[in-house]
Amino acid sequence: MATKMTANGVSTTTAPGTEQYETFYSTHRGKRISRVMYDYRDTDNELFSCVAPTLAECRRKRDEWLNNKQNSKK
């Protein structure tokens, strides 16, 4: 799969506080399904990546990750 989100297997999301996403399609049991590949670079320069059915689900997972990260610092 060709993607603009990676170069040589490394995320191109480099600026802190930025996100990138792409929709791709795969086949499961003969049905074509869409998925969103999502990268978010935190202000601490830590990378969050996931794949989910929708962009909203990716962002929900990101927000959960950020909340867990903040709670672990307390």
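Residues numbered from 1 in each chain as written. Predicted model: local features only at pLDDT ≥ 70, side-chain atom pairs only at ≥ 80, totals over all residues. Heavy atoms only, no water.

## Re the sheet that holds strand S4 (residues 31–41)
Part 1 of the argument: Spatial strand order, S3-S4-S5: 3 strands in an open sheet with antiparallel pairing. The two strands at the open ends of the sheet, each matched to only one other strand, are strand S3 (18–28) and strand S5 (47–52). In this sheet, adjacent strand axes meet at a mean angle of 15 degrees when their direction is disregarded.
Part 2 of the argument: Note that S4 and S5 share 6 bridges and pair antiparallel. Along S5, the bridge assignment pairs arginine 41 with leucine 47.
Part 3 of the argument: Taken strand by strand, helix H1 (residues 55–73) contacts S3, S4 and S5, and its axis lies near 145 degrees from that of S5. (Pairing = 2+ DSSP bridges. Helix = DSSP H or I, 4+ residues; strand = E, 2+ residues; numbered from the N terminus. Axes fitted to C-alpha atoms, helices over the stretch in contact; angles between N-to-C directions. Contact = heavy atoms within 4.5 Å.)

## Some words on the packing of aromatic side chains
Part 1 of the argument: In total, this model carries 2 aromatic pairs according to the counting rule given.
Part 2 of the argument: Clustering of aromatic rings is evident, with ring pairs tying together Tyr38, Phe48 and Trp65.
Part 3 of the argument: Positioned over the ring face of tyrosine 25 is arginine 32, at 4.1 Å from the centre of the ring.
Part 4 of the argument: A cation over a ring is seen here: arginine 62 above tyrosine 40, with NZ or CZ 5.2 Å from the ring centre. (Phe/Tyr/Trp six-rings, centres within 6.5 Å; stacked < 30°, edge-to-face > 60°. Lys NZ or Arg CZ within 6 Å of the ring centre and 35° of its normal.)

## Some points on the pattern of salt bridges
Opposite charge on two side chains permits pairing when their charged atoms draw close.
Part 1 of the argument: By the definition in use, this model includes 8 salt bridges.
Part 2 of the argument: The salt bridge involving glutamate 19 is made with arginine 59; its shortest N-O contact spans 2.5 Å. With glutamate 19 in strand S3 and arginine 59 in helix H1, this residue pair connects regions lying 40 residues apart in the sequence.
Part 3 of the argument: We classify glutamate 19 as partly exposed; its relative accessible area is 29%.
Part 4 of the argument: The exposure class of arginine 59 is partly exposed, given its relative accessible area of 29%.
Part 5 of the argument: The salt bridge partner of arginine 60 is glutamate 64, with a shortest N-O separation of 3.0 Å. (Salt bridge = Lys/Arg side-chain N within 4 Å of Asp/Glu carboxyl O. Buried < 20%, exposed > 50% of the residue type's maximum accessible area, 1.4 Å probe, protein only.)

## Topic: unusual backbone geometry
Part 1 of the argument: In this structure, arginine 29 takes a positive phi of about 55 degrees despite not being glycine.
Part 2 of the argument: For arginine 29, the position within the fold is in the loop between S3 and S4.
Part 3 of the argument: The exposure class assigned to arginine 29 is exposed, which follows from its relative accessible area of 77%.
Part 4 of the argument: Of note, the phi angle at asparagine 45 is positive, near 70 degrees, even though the residue is not glycine.

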